[in-house]
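One-letter residues, chain by chain:
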Amino acid sequence: MISEKMKVLANNNSAIRAMFEEGNRLAALYGRENVYDFSLGNPNFPAPEAVKKAAIEILESSDPVYLHGYMSNAGYPEVRSVVAESLNRRFGTDFTADNLIMTVGAAGGLNVILKALLNPGDQVIAVAPYFVEYGNYVRNYDGELVVVNSKPDTFQIDIDAVCAAINEKTKAIILNSPNNPTGVIYSAETLTALGEALTKKQEELGTKIFIISDEPYRELAYDGAEVPFMTKFYKNTVVCYSWSKSLSLPGERIGYLLIPSQCDEFETLFTAASIANRVLGFVNAPSLFQLVAAKCVDVPSDVSGYDENRKLLYDGLTRCGFECVFPQGAFYIWMKTPEPDDKAFCERAKKYNILPVPGASFAYTGYVRLAYCVSKETIVNSMPSFKKLAEEYGL
Ligand code: PLP
C-alpha cells in the first residue's frame, strides 16, 4: 500500500530501531549506568539559562495574536534583521532580513533549498563520510545523491574527486563543517581551492552549481579553531544553520537558511525557497523560538563540557591503542576499527556494552563514530571495557 520510496525507508528504519532497542535491552540487563551508549547526537547539556529567560519574557510581554499567529513564510522580519546584523558583526558581511528564511532546524533548511533547486534527475554531491539523511532529503525531490570520498587521514574535501564527479546534472554539493561524523573543520585553504574549482566548472559547463553548507555545529569548535565562513569562498553558497546544538534546542526545531544576494538569480531563488517553506507544510518556523533565537543570537555556546569529554575520550581511546581523528569541532570521535569490517567491530563492542555507530551508516567503512555528548561518567566508566575490547584485538 505505501509508496515504493517509503518502503525502502521503512525497511532501513528497522536497523536504526534495532540499535536503539539493543541499548534498551542491555540497559535492562546490566543497568543504564553500565551501558556505554555513544550512538546518539543529542546534546546532553541543557540550554543556557538565557533561553528560558527569553522564552518567559516573550510569553509574558508579547501580544498573543502576534506571538502565536501565522506570519510571512520567511519568518518575522525583525528576527531576520537581528540574525543578519549578528552575522554581519561576526563575519564582516552585509546581509539583511531579505537574505534570511527562518526554518525548522537545519534539516528544514536543507529540504527547503533542495526543493527550490532540484529537478528530477539532478545530482547532489555529498562528501563521505556524511550525515546519512542527505540521501533521503535529496531523494525527497527525485534528485540523485552522488558520493565522493574525502581525503583519507585528513578527511578534508578531495577537490579532484569532487571535480571528477561534476557533470551537467550537478546542481549542488552539500558540505558540513565542523563535520559529523569526523569532527574535522574544512580549512580556508581547502575551501578556497574548492571555490576556484567550482567557478571553473560552472564556466566550463555553463551551469550553476551551489554549495549547500550544513552548519548545525558551527559554534562547536575547540582550542580557538576558526570555522571559515563559507559564503566568502564561493558566490553560489547558501547556509543551513540551526540552534539545535549551539543552544541545545534540537526539539524546538529552529534555524535559518541564508541566501546571499551574490547568488545567481538571487531573487527568484529566495522567492522559491520561501514558497518551498510553505508548500512543504512547514508554513513558517516556530514563532516563539524565532523570537527566542533573536534574543539569544549573541549568547555564546559553552563548549567547555564537550571539550572536557572530547579530551577524556580521545586520550582514553588512544591509550588503549585505538587510532582516532582528533576532533576540531562538533561532538563526535571518528575512530578507525582494528578490523576492516566496522559492523563486525560494533558487534564485538556490544559484548562490552559499548555502542558506537558503524562507519557504514555514513557511507564509509573501517571506522566507527562515537558521540561524546554523554555524561563524563559514561566516558570514565567505559574505559575498562574499551581496554578489554582493545586487548581482544591485541592492541
Ligand atoms: N546536519 C547534520 C550534519 C546533523 O548532524 C544534524 C543533526 O544531527 C542535522 C543536520 C539536523 O539538524 P537540525 O536539528 O538543525 O535539523
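This text goes with the structure placed above it.
Structural notes, computed from the coordinates. Along each chain, residues carry numbers from 1 onward, in the same order as the chain's sequence is written. Restriction of local features to residues with pLDDT of at least 70 applies here, the model being predicted, together with a cutoff of 80 or more for giving and counting side-chain atom pairs; totals for whole chains, interfaces and linings are based on all residues. Excluding hydrogens and water, the side-chain figures rest on all heavy atoms present in the structure.

Let's talk about empty space enclosed by the protein
- As defined here, a cavity is a set of points on a 1 Å grid over the protein atoms alone where a 1.4 Å probe fits but cannot get out. A pocket is an open set with protein on both sides within 12 Å along at least five of seven lines, and residues line them when an atom is within 4 Å of a point. Grid points are joined across faces, edges and corners, and a volume is the space filled by probe spheres set on the points. For the structure on display, the rule yields one cavity of 30 Å³ or more.
- Here a helix means four or more residues in a row that DSSP labels H or I, a strand means two or more in a row labelled E, and each is numbered from the N terminus. Counting residues per element, the lining of the largest cavity draws most heavily on strand β5 (residues 170-176), at three residues.
- Split into classes, the residues belonging to the lining of the largest cavity amount to seven nonpolar, two polar and no charged. Under the scheme applied here, ten amino acids are nonpolar (Ala, Val, Leu, Ile, Met, Phe, Trp, Tyr, Cys and Pro), four are charged (Asp, Glu, Lys and Arg), and all others, including Gly, are polar.

With respect to the environment of Tyr 76
- Mapped onto the secondary structure, Tyr 76 falls in the loop between α3 (64-68) and α4 (77-91).
- Residue class for Tyr 76 comes out buried when judged on its relative accessible area of 4%.
- For the pair formed by Tyr 76 and Cys 263, sequence separation is 187 residues and the distance between their alpha carbons is 23 Å.
- What makes two residues a contact is simply this: any of their non-hydrogen atoms within 4.5 Å. In this structure, Tyr 76 is in contact with Tyr 66, Leu 67, Met 71, Ser 287, Gln 290 and Leu 291, ignoring residues within four places of it in sequence.
- Definition of a polar contact: a pair of N or O atoms within 3.5 Å, with one able to donate and the other able to accept a hydrogen when the atoms are protein atoms, and with sequence-neighbouring residues admitted only if both atoms are side-chain atoms. A polar atom in the side chain of Tyr 76 sits 3.3 Å from the backbone oxygen of Leu 67. Working definition: with a 1.4 Å probe on protein chains only, accessible area under 20% of the residue-type maximum means buried, over 50% means exposed, and in between means partly exposed.

Observations concerning the state of the cysteines
- Defined by distance alone, a disulfide is two cysteine sulfur atoms within 2.5 Å. Going through the model one piece at a time under the given rule, you end up with zero disulfides.
- Free of any disulfide, Cys 163 has its nearest neighbouring cysteine sulfur in Cys 263, separated by 19 Å.
- Under the relative-accessibility criterion, Cys 163 is labelled buried at 18%.
- Left unpaired, Cys 346 is separated from the closest cysteine sulfur, that of Cys 324, by 13 Å.
- Given a relative accessible area of 8%, Cys 346 falls into the buried group.

Observations concerning the site of the ligand
- Neighbouring the ligand are 14 residues, the closest being Asp 214, Tyr 217, Ser 242, Ser 244 and Arg 253.
- A distance of 2.9 Å separates an oxygen atom of the ligand from a polar backbone atom of Ala 107.
- Between the ligand and Ser 242, the relevant distance is 2.7 Å, taken from an oxygen atom to a side-chain nitrogen or oxygen of the residue.
- The accessible surface values rely on the Shrake-Rupley method and a 1.4 Å probe; as for residues, cover is taken only from the protein chains in view. When the ligand is considered free in solution it has 400 Å² of accessible area, and contact with the protein chains removes 91% of it.
- Sort the elements by how many residues they give to the shell around the ligand and helix α5 (residues 105-117) lands first, with three residues. Any residue with a heavy atom lying within 4 Å of a molecule or strand is counted as near it.

What to know about α5
- Taking 1.5 Å as the rise per residue, α5 with 13 residues should run 18 Å; its terminal C-alpha atoms sit 19 Å apart, in good agreement.
- With ten of 13 residues buried, α5 is to be regarded as a mostly interior element.
- What α5 keeps buried is the set Gly 105, Ala 106, Gly 108, Gly 109, Leu 110, Asn 111, Val 112, Ile 113, Leu 114 and Leu 117. Multiplying one less than the number of residues by 1.5 Å gives the expected span of a helix.

Looking at the layout of surface pockets
- One number sums up the size of the second largest pocket: a volume of about 300 Å³.
- Together, 18 residues line the second largest pocket, and Arg 32, Val 35, Asp 37, Val 374 and Thr 378 are the ones closest to its centre.
- Of the residues contributing to the lining of the second largest pocket, the split by class is seven nonpolar, seven polar and four charged.

A look at the pairing of strand β8 (residues 255-258)
- Burial of the side chains of β8 extends over both faces: Gly 255 and Leu 257 are buried on one face and Tyr 256 and Leu 258 on the other.
- Should DSSP find at least two bridges between two strands, the strands are taken to pair. Note: strand β2 (residues 100-103) against β8, four bridges, orientation antiparallel. When the sheet's bridge partners are listed, Thr 103 is paired in β8 with Gly 255.
- Sheet topology places strand β7 (residues 237-242) next to β8; four bridges connect them, and they run antiparallel.

What about the nonpolar core?
- By size, the foremost hydrophobic cluster in this structure holds 60 residues, and its most contacted members are Ile 113, Ile 157, Leu 175, Ile 212, Leu 257 and Ile 259.
- With residues up to four places along the chain from it excluded, the contact list for Leu 257 reads Asn 99, Leu 100, Ile 101, Thr 103, Gly 109, Val 112, Ile 113, Val 238, Val 239, Cys 240 and Ala 273. To define a nonpolar core, start from buried Ala, Val, Leu, Ile, Met, Phe, Trp, Tyr and Cys residues and group those joined through side-chain atoms within 4.5 Å.

A short note on the pattern of salt bridges
- For salt bridges, the criterion is a side-chain nitrogen of Lys or Arg within 4 Å of an Asp or Glu carboxyl oxygen. Taken as a whole and assessed by the stated rule, the structure comprises 21 salt bridges.
- Lys 295 is paired through a salt bridge with Glu 57; the nearest N and O atoms lie 3.1 Å apart. With Lys 295 in helix α10 (residues 287-295) and Glu 57 in helix α2 (residues 49-61), this residue pair connects regions lying 238 residues apart in the sequence.
- The class of Lys 295 is partly exposed, set by a relative accessible area of 48%.
- Since its relative accessible area comes to 35%, Glu 57 is described here as partly exposed.
- Because the salt bridges share partners, they merge into one network encompassing Arg 90, Glu 215, Arg 218 and Glu 219.

Quick word on the sheet that holds strand β13 (residues 367-371)
- One open sheet accounts for four strands, arranged β9-β10-β13-β12; its pairing is antiparallel. The open sheet has two edge strands with one neighbour each: β9 (323-325) and β12 (357-358).
- As paired elements, strand β10 (residues 332-336) and β13 share five bridges and run antiparallel to each other. Looking across to β13, one finds that Tyr 332 is bridged to Ala 371.
- Axis definition: a line fitted to C-alpha atoms, over the contacting stretch in the case of helices. Angles run 0 to 180 degrees between N-to-C directions. Its contacts with the sheet put helix α11 (residues 304-320) on β9, β10 and β13, and the angle it makes with β10 is roughly 10 degrees.

As for a nonpolar patch on the surface
- Grouping into patches uses exposed residues only, defined as over 30% relative accessible area, and leaves out salt-bridged ones; the cut-off is 9 Å for like charges and 5 Å for nonpolar side chains (Val, Leu, Ile, Met, Phe, Trp, Tyr). The grouping of Met 1, Ile 2 and Met 6 at the surface amounts to a nonpolar patch, some 390 Å² of accessible area in total.
- Relative to the helices and strands, Met 6 is located in helix α1 (residues 4-30).
- On the basis of relative accessibility, which here comes to 43%, the residue Met 6 falls in the partly exposed class.

That is the geometry; function is a separate question.
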